[in-house]
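Chain by chain, the residues run as shown.
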Amino acid sequence: MIALRASFKKLSAKTLIPWSIPLLFILCWQLFGLSPTPVQVLAASVQLIESGELAEYIGVSARRAAIGFAVGGSIGFLLGLGNGLFPIAEKLLDTPVQMIRTIPHLALIPLVIFWFGIGETGKLFLVALGVLFPVYVNTFHGIRTVDPGLIEMGRVYGLRGAKLFWKVIFPGALPSILVGVRYALGVMWISLIVAETIASDSGIGYMATNAREFMQMDVVLLSILLYALLGKLSDVIARLLERRCLRWHPGYND
Amino acid sequence: MKRGRSGICLDVQGVGKAFGSTRVLQGLQLMIPPGEFVAVVGRSGCGKSTLLRLISGLDQPSEGKILLDNQPVTGVHADVRMMFQEARLLPWQRVIDNVQIGIKSESRISAEEVLQLVGLADRAAEWPRVLSGGQRQRVALARALAGEPRLLLLDEPLGALDALTRIEMQQLIEELWLEQKFSAILVTHDVSEAVTLADRVIVLEKGRVALDLPISLPRPRARDHGFAHFERVILDKVMARGTEGVAIVKQRAYSYSV
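Residues numbered from 1 in each chain as written. Chains lettered and ligands numbered in written order. Predicted model: local features only at pLDDT ≥ 70, side-chain atom pairs only at ≥ 80, totals over all residues. Heavy atoms only, no water.

**Here's the deal with the overall build of chain A**
Logical step 1: Across its full length, chain A carries eleven helices and zero strands.
Logical step 2: Along the chain direction, N to C, the helices and strands of chain A fall in the order α-α-α-α-α-α-α-α-α-α-α.
Logical step 3: For 254 residues, the compact-globule estimate of 2.2 N^0.38 gives 18 Å, and chain A exceeds it by more than 25% at 23 Å.
Logical step 4: Summarising its shape, the C-alpha atoms of chain A cover approximately 70 × 65 × 30 Å along the three principal directions.
Logical step 5: Across the 254 residues of chain A, 39% fall into the buried class.
Logical step 6: Restricting the contact set of chain A to residue pairs at least 6 apart, pairs at least 24 apart contribute 73%.
Logical step 7: When the accessible surface of chain A is summed, it comes to about 15000 Å², and 72% of that surface belongs to carbon and sulfur atoms.
Logical step 8: Positive and negative side-chain charges of chain A, numbering 21 and 15 respectively, have mean locations separated by a distance of 13 Å. (Helix = DSSP H or I, 4+ residues; strand = E, 2+ residues; numbered from the N terminus. Rg over C-alpha atoms; globule rule 2.2 N^0.38 Å. Buried < 20%, exposed > 50% of the residue type's maximum accessible area, 1.4 Å probe, protein only. Contact = heavy atoms within 4.5 Å. Areas by Shrake-Rupley, 256 points an atom, 1.4 Å probe, with all protein chains shown as cover. Lys, Arg positive; Asp, Glu negative; His and termini not counted. Charge placed at Lys NZ, Arg CZ, Asp CG, Glu CD.)

Structure below.
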């Protein structure tokens, strides 16, 4: 009985402590009665869940984010790999990439709307563009900063070409690549939020814009909360990925 | 471990190496018969590590040629293995997988067997980050021996270890060399280590062989008069001083390492 209570206590403490400040904050908010109150937001969300709309909005937004991330991430990763491994590629491609990188991509929105209209493509383009650069820079850096001593050791032990890449270069670059992924996830959500706010007919952004038109501040607040939760979720996924891939790393343990 | 292979015969003919305008080696002549253990000593920058890299195929000589069993060196040789000053284990692979890197496809030996040889069979599933420096070098030694090399190149592998671990590793290396009879070249700044392990000690100076001294002591080497005599001869040569008064006082200030 004591053991059960002890393990329950330990579990509660570990999982609850990170949430203690947000929970306290919400409690104070409710107590002060600042409209819209958490209870009102909760009521609005229950309504939306029951009608099935909430699930749909979340699904659409998450899908956009995922596809944009996949496209931008893949391009950024391949570019980073290519430029990292082949000096010729770097000479050719790095300057154009850096030039595009310095343009704040959200400032491109009017241009994007002009080119792609207000449909899916434009939003995906913005998300992909935002995701591309952190992944590119960190992949490139990761490849270039692999311990040259390990590469030399690989050569002495007969590792060449693809084998050298998979055994030495890629795992050595992985910590840096994962940093890029973490950063890109943050940019992904920001890009999505802005893209959805501009012109949307589905997704969380649409829900928020609609609610604004009808002065439904509780729904507006709900949408903000949803973005925050989705951001936290993607961070958790990134953390799990890191834990799995970087078990060997002294810095990512204890 | 089954043996059917003998050491490589190494022939360095008139080898020179320059990095830009700096000549590190010039006109180097060296012959090492199969199975011999040779130590190369010299001051910092005398070119001993460079020589090792040329023999391993990691670098090309600017002039001259290097022959392994009468074949010129054209890059990394499958029968040549190297140990570095750092263990250079892949941190993302467990110990056993690191040793596996050294195993050749036609090999008759397993990674577990080689780990057993260096006494680390029980640490096979660990990550390198939990091992001590000495243990990591032992894994590196296992990895080097896993390929059943005929020439083992040792680039100051014990320099970063503490004195006691160094002695243990020296004994381990000697043991394995006596058993497997590969050729070995040990680059070291430690004259005592050279006299302990080598059949022959080479002193490099100004890019050439300045002294080639066979060590006629029985194995295992005891630190007796004969040992000290050889150490003195070699150290005198490395310090490159004869009977100048100031130099002799300086010599006394240097202590021989453990």
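Anyway, onward from the coordinates.
**Notes on the sheet that holds strand 4 (residues 63-68) of chain B**
Residue and element names in this part refer to chain B.
Logical step 1: Spatially, the four strands line up as an open sheet ordered 2-1-4-5, and their pairing is antiparallel. The outermost strands of the open sheet, each flanked by one partner alone, are strand 2 (22-32) and strand 5 (71-72).
Logical step 2: When strand 4 meets strand 5, the two strands line up antiparallel, connected through two bridges. Directly across from leucine 68, in strand 5, lies its bridge partner glutamine 71.
Logical step 3: Sitting on the sheet, helix 1 (residues 48-56) is in contact with strand 1 (10-19), strand 2 and strand 4, with an inclination near 60 degrees to strand 2. (Pairing = 2+ DSSP bridges. Axes fitted to C-alpha atoms, helices over the stretch in contact; angles between N-to-C directions.)

**A look at the interface of chain A and chain B**
Logical step 1: Contact residues are listed per partner, giving 17 residues for chain A and 21 residues for chain B.
Logical step 2: When the area that chain A buries against chain B is broken down by residue, the three leading residues are Val156, Tyr157 and Trp248 of chain A, summing to 39%.
Logical step 3: Along the contact surface separating chain A from chain B lie two salt bridges.
Logical step 4: Among the salt bridges present, the one from arginine 88 of chain B reaches glutamate 152 of chain A, with a minimum N-O distance of 2.8 Å.
Logical step 5: One can count seven residue pairs in polar contact (both at pLDDT 80 or more) joining chain A with chain B. (Buried area = accessible area lost by both parts, 1.4 Å probe. Salt bridge = Lys/Arg side-chain N within 4 Å of Asp/Glu carboxyl O. Polar contact = N/O pair within 3.5 Å; in protein donor to acceptor, adjacent residues only side chain to side chain.)

**With respect to unusual backbone geometry**
Only a minority of non-glycine residues have a phi that is not negative, and only a minority of peptide bonds are not trans.
All names here are of chain B.
Logical step 1: Of the consecutive residues arginine 219 and proline 220, the connecting peptide bond is found in the cis state with omega at -5 degrees.
Logical step 2: Within the fold, proline 220 resides in the loop between strand 10 (208-214) and helix 7 (225-239).
Logical step 3: Although it is not a glycine, glutamate 156 sits at a positive phi angle of roughly 45 degrees.
Logical step 4: If you trace the backbone, glutamate 156 turns up in the loop between strand 7 (151-155) and helix 5 (163-180).
Logical step 5: Even without being a glycine, lysine 181 presents a positive backbone phi close to 60 degrees.
Logical step 6: Checked against the element boundaries, lysine 181 lands in the loop between helix 5 and strand 8 (183-187).

**Observations concerning the pattern of salt bridges**
Residues and elements named next belong to chain B.
Logical step 1: Inspection of every chain in the model, using the stated rule, returns 20 salt bridges over all chains.
Logical step 2: Between arginine 150 and aspartate 69 there is a salt bridge; the shortest N-O distance is 2.8 Å. One end of the pair, arginine 150, is in the loop between helix 4 (133-146) and strand 7; the other, aspartate 69, is in the loop between strand 4 and strand 5, with 81 residues separating them in the sequence.
Logical step 3: Between aspartate 199 and arginine 219 there is a salt bridge whose closest N-O contact spans 2.9 Å.

**Concerning the sheet that holds strand 8 of chain B**
All names here are of chain B.
Logical step 1: One open sheet holds the six strands; their spatial order is 6-7-8-3-9-10, and the pairing between them is mixed. The strands lining the two open edges of the sheet, one partner per strand, are strand 6 (80-83) and strand 10. Averaged over all adjacent pairs, the angle separating strand axes in this sheet is 20 degrees, with direction ignored.
Logical step 2: Looking at chain direction, strand 6 and strand 7 are connected through four bridges and run parallel. What sits directly across from valine 80, in strand 7, is leucine 151.
Logical step 3: In the packing of helix 4 onto the sheet, the strands contacted are strand 6 and strand 7, and the crossing angle to strand 6 comes to about 175 degrees.

**Comments concerning the nonpolar core**
Logical step 1: Counting residues in hydrophobic clusters, the biggest one holds 105 residues, and the most contacted among them are Phe37, Leu115, Leu141, Ile185 and Ile234 of chain B.
Logical step 2: It is helix 9 (residues 161-198) of chain A that contributes the most residues to this core, nine residues altogether.
Logical step 3: Not counting the four nearest positions on each side in its chain, isoleucine 234 of chain B is found in contact with Val41, Val191, Val195, Val201, Val203, Leu211, Leu213 and Ile215 of chain B.
Logical step 4: Listed in part, the 25 residues of the second largest apolar core include Ala44, Val131, Leu185 and Leu192 of chain A. (Core = buried A, V, L, I, M, F, W, Y, C linked by side-chain atoms within 4.5 Å.)

**Side note on the side chain of serine 223 of chain A**
Residues and elements named next belong to chain A.
Logical step 1: With respect to the element layout, serine 223 can be found in helix 11 (residues 217-245).
Logical step 2: Residue classification places serine 223 among the buried positions, given a relative accessible area of 2%.
Logical step 3: Those residues in contact with serine 223 that lie beyond four places of it in its chain are Ile204, Met207 and Ala208.

**Points about the pairing of strand 4 of chain B**
Logical step 1: For strand 1 of chain B and strand 4 of chain B, the ladder comprises five bridges, and the chain directions are antiparallel. Bridging from a neighbouring strand, aspartate 11 of chain B pairs with leucine 67 of chain B of strand 4 of chain B.

**Overview of the environment of threonine 188 of chain B**
All names here are of chain B.
Logical step 1: Mapped onto the elements of the fold, threonine 188 is located in the loop between strand 8 and helix 6 (191-197).
Logical step 2: Judged by its relative accessible area of 2%, threonine 188 is buried.
Logical step 3: Along the primary structure threonine 188 and leucine 131 are separated by 57 residues, whereas in three dimensions their C-alpha atoms are 24 Å apart.
Logical step 4: For threonine 188, the side chain forms a polar contact with the main-chain nitrogen of aspartate 190, separated by 2.9 Å.

**Re a nonpolar patch on the surface**
Residue and element names in this part refer to chain A.
Logical step 1: Taken together, the side chains of Trp19, Leu23, Leu225 and Leu229 present a nonpolar region at the surface, about 390 Å² in accessible area.
Logical step 2: When you line up the elements, leucine 225 lands in helix 11.
Logical step 3: By relative accessible area, leucine 225 is classed as partly exposed at 44%. (Patch = residues over 30% accessible without salt bridge, like charges linked within 9 Å, V, L, I, M, F, W, Y side chains within 5 Å.)

**Overview of the environment of isoleucine 67 of chain A**
Logical step 1: Looking at the secondary structure, you find isoleucine 67 of chain A in helix 4 (residues 53-85).
Logical step 2: Sequence separation between isoleucine 67 of chain A and alanine 128 of chain A is 61 residues; the distance between their C-alpha atoms is 8.1 Å.

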